[in-house]
Amino acid sequence: MNLKPETGIYRDKSKIEELFKNIIIYHSQMFDQLIGEFSADSLFENWRSLIRSVDEIINIPMELDDREPYLKLRFEMMSSKGRQDFEKVVALVHSNFGAEVAKRFKLLAIMSLSIDHAYHTKNMWPMIGYGLGLSSVSQSINYFQSRRLAFGAILNLIPLKATGKKNVPQIDLMNQFLYTIDTCLVGFAGIYYHLLINECIEDYEVTFDGTMFKTNFTYENLEGFFFEPERLSLIDQMELRPDIVEPAKTITTPQGVVFSFNEIANAMALFEGAFKKYNVSLLAEYDELNILFMHIARFCTDNYNVILDESELDQIQNKLKKLKLTSTGQTYVDVVNDYAPFQKFDGRCYSTVVLLSRFVYRTLTGALKCNRSFMINSGFIFEDKVQRLLEEAGYHCTGITRINKKEFDLITTKNGKIYNFQCKNNLIDISKVGTDYKLMGRHNRRLVKYYRKSITKEINREQLVTAKVGLTDIEHFIISRFPVITRDKDILNFNTLENWIYKQKH
């Protein structure tokens, strides 16, 4: 099979599907070939160290009293002033967190600068997009945040796929792997979204110029800082419903460290306080998380790593029916969205404070999806979130929610015109696109059809709104919390709402 795409324009749906399926096979083979050359023994340990460095560079500013010098640092070690600025920040990290953290920061900065230069030489950054780069601390934080899932997935796959004898020193690790991450692994999600869009858009068109793909439709599935959309996030709950958030009963974390095991207990307390209304502490998952952390706390000896024998973790897992602690996936697509916190390797199980804190959040938010009160209130909070954005952009919210016993979400006015917004918080698990893009496509089409009926309903009763407000010019919109795929201009995805508002102004 010839997996290399031919240049040209692809319009036939079956040809587009074949094109991207072949690319998936090609990328899988490229990754398997690369990782298969290395010895799992050294690669697993080095990759764990790299992930720790990445976690630290992202989280260091949260622990600094004055974070500005750190966040403004550019990696310009070739000039005298650049070296002086760099050494000052290294010294700052050292004085706050110790020699080992400073050493890892320095090494990661040097590796980042090397990759940044190589990518500029190959003109890679424009192809990667999103304004990413590795020439500074701030750029590196954004880049590594965008690659966090890929880094974690590789760690899960090393025991399965690193069957060779090649060893790589720590300083050369990113040189060996980042190009494949950026051209193969990160591209996996994009490829599956091409397949999904092909299912949803009738006139989808793909052009390949020998280097890059260009399409006649674009789709943003993530939100700021490369996070997936949530029905109701912890931050939204705390910002938009502060009156029902109880202060978290946190415990003191040690000074002079970036992480500590206490953070996990604090994450539990913060979540419980924020979502007290929904009886989080009564969830079976909440009890099991407490059991888990009670059993593993003694295995965290350096404030970051949690390492225990596989047999000990198996005994803990046997007591927990709601939690899955290790991944069983065999491929990148299997493991990239699996948030199980432990990786098994050579008879031992490995996790980190960061992974366990994320596990708390993902587990409890997932459990709340079955809570009816949570589901209802998340819709109201979403309306408030949309209203805040619109008001900041100059839209006047009329406060009208009912006319002649008919309910409305957000009726706003601006420049003598009525803008009637319906806010839809229908859940779409975008992480499942790699599992079954055809099923996701059917779900997307049903949802868009439902949205179209909702807009038609609003049009049929718009005279109620115009009479009440006293204006005749009116437009109706759906704002979807979870992004849907459609060309319909009156169906807006929340993650692109600010861009829509900007275009309205210009």
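Summary of the structure given here. (Residues numbered from 1 in each chain as written. Predicted model: local features only at pLDDT ≥ 70, side-chain atom pairs only at ≥ 80, totals over all residues. Heavy atoms only, no water.)

### Quick word on the overall build of the protein
The helix and strand tally for the protein stands at 19 helices and 13 strands. For 506 residues, the compact-globule formula gives about 23 Å, and the C-alpha radius of gyration of the protein, at 25 Å, lands near that figure. Judged by the C-alpha coordinates and their principal axes, the protein covers about 75 × 60 × 55 Å. In the protein, buried positions account for 50% of the 506 residues. In the protein, once contacts between residues fewer than 6 apart in sequence are set aside, the share between residues at least 24 apart is 71%. For the protein, the exposed surface amounts to about 24,900 Å²; the carbon and sulfur share of it is 51%. Across the protein, 63 positive and 62 negative side-chain charges occur, with their mean positions spaced 4 Å apart. (Helix = DSSP H or I, 4+ residues; strand = E, 2+ residues; numbered from the N terminus. Rg over C-alpha atoms; globule rule 2.2 N^0.38 Å. Buried < 20%, exposed > 50% of the residue type's maximum accessible area, 1.4 Å probe, protein only. Contact = heavy atoms within 4.5 Å. Areas by Shrake-Rupley, 256 points an atom, 1.4 Å probe, with all protein chains shown as cover. Lys, Arg positive; Asp, Glu negative; His and termini not counted. Charge placed at Lys NZ, Arg CZ, Asp CG, Glu CD.)

### Thoughts on the packing of helix 1 (residues 13–36) against helix 8 (residues 148–161)
Packed helices, taken two at a time, are described by the angle their axes make and the gap between the axes. Where helix 1 contacts helix 8, the axes come no closer than 10 Å and their chain directions differ by 70°. Compared by their axis directions, helix 1 and helix 8 come out roughly perpendicular. Viewed along their axes, helix 1 and helix 8 form a crossing whose handedness is right-handed. Taken together, the residues of helix 8 that come into contact with helix 1 (itself represented by Phe31, Asp32, Ile35 and Gly36) are Ile154, Leu157, Ile158 and Lys161. Its residues assigned to classes, the contact of helix 1 with helix 8 shows five nonpolar, one polar and two charged. (Axes fitted to C-alpha atoms, helices over the stretch in contact; angles between N-to-C directions. Parallel < 35°, antiparallel > 145°, perpendicular 65-115°, else oblique. Left-handed = near helix turned anticlockwise from the far one by under 90°. Nonpolar A, V, L, I, M, F, W, Y, C, P; charged D, E, K, R; others polar.)

### Re the pattern of salt bridges
Within this structure, the stated rule accounts for 30 salt bridges. Taking the shortest distance from any N to any O, the salt bridge between arginine 52 and glutamate 56 comes out at 3.3 Å. You can see arginine 52 and its partner glutamate 56 sitting in helix 2 (residues 40–59), four residues apart, about one turn around the helix. The exposure classification of arginine 52 matches that of glutamate 56, with both residues buried. Across the pair lysine 385 and aspartate 236 runs a salt bridge whose closest N-O atoms are separated by 2.7 Å. In this pair, lysine 385 is assigned in helix 16 (residues 372–392) and aspartate 236 in helix 10 (residues 234–240), connecting sequence segments 149 residues apart. Residues joined in a network through salt bridges with shared partners are Glu17, Lys21, Glu199 and Lys438. (Salt bridge = Lys/Arg side-chain N within 4 Å of Asp/Glu carboxyl O.)

### Focus: the side chain of arginine 147
Summarising the element assignment, arginine 147 is placed in the loop between helix 7 (137–146) and helix 8. Polar contacts involving the side chain of arginine 147 include one to the side chain of serine 146, which spans 3.0 Å. Aside from chain neighbours lying at most four places away, what touches arginine 147 is Ile128, Leu132, Ile181, Asp182 and Val186. (Polar contact = N/O pair within 3.5 Å; in protein donor to acceptor, adjacent residues only side chain to side chain.)

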